[in-house]
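As a plain string of letters, each chain reads:
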2 protein chains.
Amino acid sequence: MSKSFDDLLSKVSGCSKKKVSVAVAQDGPVLEAVEEARVRGIADAVLVGDVSLMQPIADELGIDLGNYEVIDEKDMVTAARKAVELVHNGEADMYMKGLIDTKSFLKSVLDKEVGLRTDKTLSHVCVFDVMNHEGLLFLTDVAFLPYPTLEEKVSIIENTVEIAHACGIENPKVAPIAAVEVVNPKMPVTVEAAELTKMCEEGKITGCIVDGPLSLDLAIDREAAKHKGAEGRKIVGDADILLFPDIHAGNITYKALTHLSDCKNGNILTGTKAPVILTSRSDSKEVKVNSLALGAVVAEALKK
Amino acid sequence: MSKSFDDLLSKVSGCSKKKVSVAVAQDGPVLEAVEEARVRGIADAVLVGDVSLMQPIADELGIDLGNYEVIDEKDMVTAARKAVELVHNGEADMYMKGLIDTKSFLKSVLDKEVGLRTDKTLSHVCVFDVMNHEGLLFLTDVAFLPYPTLEEKVSIIENTVEIAHACGIENPKVAPIAAVEVVNPKMPVTVEAAELTKMCEEGKITGCIVDGPLSLDLAIDREAAKHKGAEGRKIVGDADILLFPDIHAGNITYKALTHLSDCKNGNILTGTKAPVILTSRSDSKEVKVNSLALGAVVAEALKK
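Residue numbers here run from 1 along each chain, matching the order of that chain's written sequence. For this description, chains carry letters from A and ligands carry numbers from 1, given in the order in which they are written. Only residues with pLDDT of at least 70 are given local features in this predicted model, and only at 80 or more are side-chain atom pairs given and counted; all residues enter the totals for whole chains, interfaces and linings. Each side-chain value is derived from all of the structure's non-hydrogen atoms; neither hydrogens nor water enter the calculation.

(A) Geometry of the packing of helix H2 (residues 28-39) of chain A against helix H3 (residues 51-61) of chain A. Residue and element names in this part refer to chain A. As a packed pair, H2 and H3 sit with axes 10 Å apart at the nearest point and diverge in direction by 60°. In terms of orientation, H2 and H3 fall into the oblique class. Between H2 and H3 the crossing geometry is right-handed. Residues Gly28, Leu31 and Glu32 of H2 form the contact with H3, whose participating residues are Met54, Ile57, Ala58 and Leu61. Residue composition of the contact of H2 with H3, grouped by class: five nonpolar, one polar and one charged. Where helices are involved, their axes are fitted lines through C-alpha atoms of the stretch in contact, as for all axes, and angles between N-to-C directions lie from 0 to 180°. The numbering of helices and of strands both runs from the N terminus, where a helix is a DSSP run of H or I of at least 4 residues and a strand a run of E of at least 2. Angle categories: roughly parallel below 35 degrees, roughly antiparallel above 145, roughly perpendicular from 65 to 115, and oblique for all the rest. If you view the pair so one helix is near and one far, a crossing is left-handed when the near helix is turned anticlockwise from the far one by less than a right angle, and right-handed when it is turned clockwise. Note on definitions: a residue-residue contact is assigned when non-hydrogen atoms from the two residues lie within 4.5 Å. Polarity classes work like this: nonpolar for Ala, Val, Leu, Ile, Met, Phe, Trp, Tyr, Cys and Pro, charged for Asp, Glu, Lys and Arg, and polar for all others, with Gly in that last group.

Listed below in structure tokens is the structure:
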């Protein structure tokens, strides 16, 4: 079981070497992350993009493109299509966004012929190793689904539980969080949290334990949970997965942790045939490399 | 201008000595906080409550009730009424919750005869001094108004700007935050953020600069703000006040910072005639003392 990002990184070394396919790879920060992932043995890469633009960037960064499989394709949309097809065909294990807008990138992910579409809803998961907390925290959805419906929340849970399993957490505890830990009909998110809890009890959501609504302290702080009364609860400060009410709560919390705390984190898009790495320009190299490591661990689990 | 909680505490020493009136004071953690505030010169206290219960608690904690004005009143509701009336009449400068449920306590705050009601909407502000960030951050509303309307958001801004002014921040920058920094009609909170910005430009909200919607990184991280493009924006990572979309986003962020970061914080209820300290049982003594210090600074400003 991975209790920290370092555990997760060491887990990668036990996997067969993975390969990431990069769409429109002529992007400095992405090339730097891919190079570090290669050097650290996390993953090899196929770089699909405009070589006339890629080469000078690589030269400036001291990256030898000879270490990579490179596919020259000037057109962005075609490059993304070629890159995702490699993953679709099993020639690569994960798919990463380069210098292409998110909309076009997602279009390639969802392409019916060559993409990574499944019957599942796509969602985003962010895995955190953060100060003052033991164990990994899986935050979802902080970046993709704006106002998830109850049905979408079920999909988010299922997607994220799969990622937690890949990280060695056998029966993750899922906390649908809110401002309060009691059901209040005036707060629809608390009603939905209770419904999700019931669905899990009835076996409609499996592979995990769901208990909500929970305030964040009761979800992640054992002392606070014991102090405030944990009677009859299945989660007592020991949640693994935090399900957010909506993208605002999720995204603001995500950014509060990355900017105002000390943490490591990696993010992937899930609900796809293979892990999709969709980091943003503002994410550091470390976040991109961590995301590749997370992707490698998930890809290994999906193969089984 | 207070740039940290230590600045704020040293500001208190420049104020005339304040007095806090405590409703139903037979509460260990509250007495401990009040004692520390007294010893550190932050505020004296009037303790209103059941002395037969208060005395043994004080004895056990080694607190000499002889250092306090004590008003013996066994009935909780009457004790709260007596305690709030002292503030109403100007005999005390701020009002604090003891061992009384929040609903009854708020009823005393809003009492038309002896309470602290004004024509303003009540709101909650939490003042943070947090790692990786220079300057105080005012978070609102993370605990009181569940789903503020546009009108309520105007009141929240006005209330919080008054607190920022009291802390010496002359023209605070207010960021209505969201998951994104662009207006999206499918995300009502972004539309409201833009409306608040416009209202400030038109002089309908004064004493501050409002600029939203903003994602949290663009609101508080100068580097991120410059990197992502700050053109035409009035806030470039230098926000003082963070206005949250709703109580879920606010409360989860508040608890993420207090549990998963390193910070000092103090909270008060505002929109009242005098500062109201409504900390929760789970708040540490430090938070309660910081809240009293914040209340003292605000009470000093209100006198002027």
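Next comes the rest of the account.
(B) How the structure looks around unusual backbone geometry. Cis geometry is adopted by the peptide bond preceding aspartate 141 of chain A, which originates at threonine 140 of chain A and carries an omega value of -10°. Residue placement: aspartate 141 of chain A occurs in the loop between strand S6 (137-140) and helix H6 (150-166). The linkage connecting glycine 212 of chain B with the following residue, proline 213 of chain B, adopts the cis geometry, with an omega of 0°. Inspection of the secondary structure puts proline 213 of chain B in the loop between strand S8 (209-210) and helix H8 (216-220). Of note, the phi angle at valine 24 of chain A is positive, near 60°, even though the residue is not glycine.

(C) Molecular detail of the relation of the copies chain B and chain A. The copies were overlaid with a least-squares fit restricted to C-alpha atoms from residues scoring a pLDDT of at least 70 in each copy. The operation relating chain B to chain A is a screw motion whose rotation component is 180°, with 0.0 Å of axial translation and a residual RMSD of 0.0 Å. On this basis, the relationship between the two copies can be described by a two-fold rotation axis. Looking at the rotation axis and the C-alpha trace of chain B, the residue lying nearest is alanine 249 of chain B, at 1.9 Å. A symmetric contact is evident, with 100% of the interface residues of chain B recurring at the interface of chain A.

(D) Broad picture of the interface of chain B and chain A. With 40 residues of chain B at the interface, the matching set in chain A holds 40 residues. Defined here as a combined quantity, buried area equals the accessible surface (1.4 Å probe) lost by two parts on assembly, summed across both. Between chain B and chain A, the buried area comes to about 3100 Å², and carbon and sulfur atoms account for 70% of it. The largest contributions to the chain B side of the interface with chain A come from Ile252, His259 and Leu260 of chain B, which together make up 23% of the buried area. For this analysis, a salt bridge means a side-chain nitrogen from Lys or Arg found within 4 Å of a carboxyl oxygen belonging to Asp or Glu. Linking chain B to chain A there are two salt bridges. Here a polar contact is recorded for every N or O atom pair within 3.5 Å, except that within protein the pair must consist of a potential hydrogen donor and a potential acceptor, and residues adjacent in sequence are included only if both atoms are side-chain atoms. Counting the contacts that link chain B with chain A gives ten residue pairs in polar contact (both at pLDDT 80 or more). Looking at the side of chain B that touches chain A, the elements with two or more residues in it are helix H7 (188-201), H8, helix H9 (222-228) and helix H10 (247-260) of chain B. It is H10 of chain B that contributes the most residues to the side of chain B that touches chain A, eleven residues altogether. Partitioned by chemical class, the residues of the side of chain B that touches chain A number 22 nonpolar, ten polar and eight charged.

(E) Focus on the packing of aromatic side chains. All names here are of chain A. Between rings of Phe, Tyr and Trp, where Trp is taken as its six-membered ring, a pair exists when centres lie within 6.5 Å; planes separated by under 30 degrees are stacked, by over 60 edge-to-face, and by other angles tilted. Per the counting criterion, the structure on display carries four aromatic pairs over all chains. Ring geometry for phenylalanine 128 versus tyrosine 254: centroids 5.9 Å apart, planes at 70°, classification edge-to-face. A residue pair is termed long-range when its members are at least 10 positions apart, and phenylalanine 128 in strand S5 (residues 123-130) and tyrosine 254 in helix H10 (residues 247-260) qualify at 126 residues. The same class applies to phenylalanine 128 and to tyrosine 254, which are both buried. Only protein chains enter the accessibility calculation, which uses a 1.4 Å probe. A residue is then buried if its area is under 20% of the maximum for its type, exposed if over 50%, and partly exposed in between.

(F) Summary view of the side chain of histidine 124 of chain B. Residues and elements named next belong to chain B. Structurally, histidine 124 can be placed in strand S5 (residues 123-130). Among the residues examined, histidine 124 registers a relative accessible area of 6% and is labelled buried. Setting aside residues up to four positions removed in sequence, histidine 124 forms contacts with Leu139, Thr140, Asp141, Val142, Ala143, Phe144, Asn267, Ile268 and Leu269.

(G) Representation of the confidence of the model for chain A. For every residue, the predictor assigns a confidence score, pLDDT, that lies between 0 and 100. On average, residues of chain A carry a pLDDT of 95, and 100% of them reach 70 or more. On the interface metric, ipTM, the complex scores 0.95, and its pTM is 0.96.

(H) Inspection of the pattern of salt bridges at higher detail. All names here are of chain A. Throughout the structure, instances matching the rule amount to 42 salt bridges over all chains. One salt bridge connects glutamate 35 with arginine 38, and the closest N-O pair in it is separated by 3.3 Å. Of the two residues, glutamate 35 and arginine 38 both sit in helix H2, three residues apart, roughly one turn of that helix. According to the relative accessible area criterion, glutamate 35 is buried, its value standing at 15%.

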